[in-house]
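Spelled out from the first residue to the last, the chains are:
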Number of protein chains: 2
Amino acid sequence: MDFKEFKKKIAPSGKDIAREVFFQNQNAMRIKKEKTAINNLNKIFNAVLGITQEKGFQAMSMRDLSQKTDMSLGALYAYFPGKEELLGIIQTQGRSMIKGLLEQFANAREEPFEKLKAVIKAHIFLSESLRPWFFFMFMEARNLKPAELKAVKAMEEHTQKILIDILEQGEKKEIFRPNDHLLTSSMLKAMQQEWYLKRWKYKKHNISVDQYVDHVLTWVEAFCLCP
Amino acid sequence: MDFKEFKKKIAPSGKDIAREVFFQNQNAMRIKKEKTAINNLNKIFNAVLGITQEKGFQAMSMRDLSQKTDMSLGALYAYFPGKEELLGIIQTQGRSMIKGLLEQFANAREEPFEKLKAVIKAHIFLSESLRPWFFFMFMEARNLKPAELKAVKAMEEHTQKILIDILEQGEKKEIFRPNDHLLTSSMLKAMQQEWYLKRWKYKKHNISVDQYVDHVLTWVEAFCLCP
DNA sequence: GTCTATACACAGATAGAC
DNA sequence: GTCTATCTGTGTATAGAC
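Residues numbered from 1 in each chain as written. Chains lettered and ligands numbered in written order. Predicted model: local features only at pLDDT ≥ 70, side-chain atom pairs only at ≥ 80, totals over all residues. Heavy atoms only, no water.

A.B. asks: Please clarify how the overall build of chain A should be interpreted in this entry.
C.D. replies: From N to C terminus, chain A includes 12 helices and zero strands. When the elements of chain A are put in sequence order from the N terminus, they spell out α-α-α-α-α-α-α-α-α-α-α-α. A globule of 227 residues ought to have a C-alpha radius of gyration of about 17 Å, and chain A, at 19 Å, matches this closely. A principal-axis box enclosing the C-alpha atoms of chain A has dimensions of 65 × 35 × 30 Å. Among the 227 residues that make up chain A, the fraction classed as buried is 54%. Of all intrachain contacts in chain A linking residues separated by at least 6 positions in sequence, the fraction that spans at least 24 positions is 69%. Of the accessible surface of chain A, which amounts to about 10500 Å², a share of 50% is contributed by carbon and sulfur atoms. (Helix = DSSP H or I, 4+ residues; strand = E, 2+ residues; numbered from the N terminus. Rg over C-alpha atoms; globule rule 2.2 N^0.38 Å. Buried < 20%, exposed > 50% of the residue type's maximum accessible area, 1.4 Å probe, protein only. Contact = heavy atoms within 4.5 Å. Areas by Shrake-Rupley, 256 points an atom, 1.4 Å probe, with all protein chains shown as cover.)

A.B. asks: Would you take a moment to explain the interface of chain A and chain B for this structure?
C.D. replies: By a widespread convention, an interface's size corresponds to the accessible area lost as its parts come together. Each partner contributes to the interface: chain A provides 48 residues, whereas chain B provides 48 residues. Overall, the association of chain A and chain B removes approximately 4100 Å² of surface from exposure, summing both partners, and the carbon and sulfur fraction of that is 68%. Inspection of the chain A/chain B interface yields eight salt bridges. As a salt-bridge pair, Lys198 of chain A and Glu156 of chain B come within 3.1 Å of each other at their nearest N and O atoms. Across the contact surface, chain A and chain B share 18 residue pairs in polar contact (both at pLDDT 80 or more). Among the secondary structure elements, those contributing two or more residues to the side of chain A that touches chain B are α3 (34-55), α8 (131-139), α9 (146-172), α10 (181-197), α11 (199-204) and α12 (209-224) of chain A. It is α10 of chain A that provides the largest number of residues to the side of chain A that touches chain B, a total of 12 residues. Its residues assigned to classes, the side of chain A that touches chain B comprises 20 nonpolar, 14 polar and 14 charged. (Buried area = accessible area lost by both parts, 1.4 Å probe. Salt bridge = Lys/Arg side-chain N within 4 Å of Asp/Glu carboxyl O. Polar contact = N/O pair within 3.5 Å; in protein donor to acceptor, adjacent residues only side chain to side chain. Nonpolar A, V, L, I, M, F, W, Y, C, P; charged D, E, K, R; others polar.)

A.B. asks: Quick question: what am I supposed to make of the relation of the copies chain A and chain B here?
C.D. replies: In summary, the two copies of the chain are related to each other by a rotation about an axis coupled with a shift along it. Overlaying chain A on chain B yields an RMSD of 0.1 Å, the required transformation being a rotation through 180° with an accompanying axial translation of 0.0 Å. These values place the two chain copies in the arrangement generated by a two-fold rotation axis. In this assembly, 100% of the residues forming the interface of chain A have copies in chain B that are likewise at the interface, indicating an isologous arrangement. (Least-squares fit on C-alpha atoms with pLDDT ≥ 70 in both.)

A.B. asks: Help me understand the protein's contact with DNA strand D in this model?
C.D. replies: Around DNA strand D lies a shell of 19 residues, among which Lys32, Lys33 and Ser72 of chain A together with Met62 and Arg63 of chain B are the nearest. Of all atoms in DNA strand D that approach within 4 Å of the protein, 58% are sugar or phosphate atoms. Separating a phosphate oxygen of DNA strand D from a side-chain N or O atom of Asn40 of chain A is a distance of 3.2 Å. One nitrogen or oxygen atom from the main chain of Lys83 of chain B is found 2.9 Å from a phosphate oxygen belonging to DNA strand D. (Near = heavy atom within 4 Å.)

A.B. asks: Which parts of the structure should I look at to understand the environment of Leu65 of chain A?
C.D. replies: All names here are of chain A. Mapped onto the fold, Leu65 is located in helix α4 (residues 62-69). When the C-alpha positions of Leu65 and Asp165 are compared, they lie 42 Å apart, and in sequence the two are 100 residues distant. Among all residues touching Leu65, those that are not within four sequence positions of it are Ile44, Ala47, Val48, Ile51, Met60, Leu76, Phe80 and Leu86.

A.B. asks: What should I look at first to understand the protein's contact with DNA strand C in this one?
C.D. replies: Taken together, 20 residues lie around DNA strand C, and Met62 and Tyr77 of chain A together with Lys32, Lys33 and Ser72 of chain B are the ones closest in. Restricting attention to atoms of DNA strand C within 4 Å of the protein, one finds that 62% of them are sugar or phosphate atoms. Taking Met62 of chain A, its main chain carries an N or O atom lying 2.5 Å from a phosphate oxygen of DNA strand C. When residues of the surface near DNA strand C are traced back to their parent elements, those giving at least two are α4 of chain A together with α3 (34-55) and α5 (73-76) of chain B. Here the surface near DNA strand C is composed, by residue class, of eight nonpolar, six polar and six charged.

In structure tokens:
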């Protein structure tokens, strides 16, 4: 599967995400009409992700957000209790979304090497189609309160665990070379992360996601597979 | 060379850095006595890096900084014209420091594979001994004004170019496998970066810099070297 | 060179009309 | 559901005494 196909078939749209947030936080917000809520939440998220990418969440004022969404300050506060909670909502939603989609991919295949490649590819494709979310989640994790920061770290270790399990399974079957799986999976995660942290570089050099994924998988093959 | 030796012989101390900043910006600050300036600049930088690591530069108030340095607000403003300039000073100094030390290493060896390993190791060791600086430079680049942001990107591409040159040299000598050097060097940079962006993970699992470097070099060998 | 006190802008948040 | 007007705290920065 290439990225074009992935995006069409699997990647959630802004409205999909807004819908889920609406049903998850329905009681905490003053808006009751589904359609209005979803439309405006989508607008709010896009604005937050856009402004934040440039100057960071702390530097984004509620007035910035009001201007970008064409909504008044008063209206915004009907959708979330405060700025800090808005940050929390985006982070929490991002995590649950990514977790769900990745697990779906990890369970799809059986043979270790195929499985490993599928999971890595899915992660990079997902980070491409939801790049603003991934970037936000990484860069703004610092501003979370301790309890949520813990959830972020748990998430990092959870996705790493998925990789480690595949590596162990492959080593047992003597398909992969024996190695330190914790470190190996860390390298894989670093390569995945590189794509969304430094996209300006790949854009500048006209490197597509598909090319990037292929290259990463060449590394994986050279390092993991038995000769 | 292991990290212990590197730190002892090569890594600059906080005062070394403060001294350089003092001579570089001497005319822009109101303090004239060298010793006072260096001591306080060192204190200021440590405080900024510490506070920023937790909550980001924007979220650090001048009052936070005043408290952590045990200096008054008025005193702080004798060392730099404003908060934004302080950010610029740290970023600029960080860049010039890292650039100088890395070039020193790149020129030390001749044989491509040895050279490649030496440069990668030096970068990771350097990021370990100056971890707060590296972290700050990465995370706070967004808050720079356009001209300085350009310098950051130029720096990224400069350090990448060092790697690309070595890879090309090695390919010509038929030591390295032919490959896309831009992508390959990006993977190397991603692995280097991982160390200082996720150090909490390695600390938690008791993985030392030396172990980390060894693992990275195993990947390099598996991928770059001709079989 | 360092302090205290203060100016003044702008942040997040809410009240109450529509 | 959305708006405008406004409250109150906190931010950066400076003035002027010591």
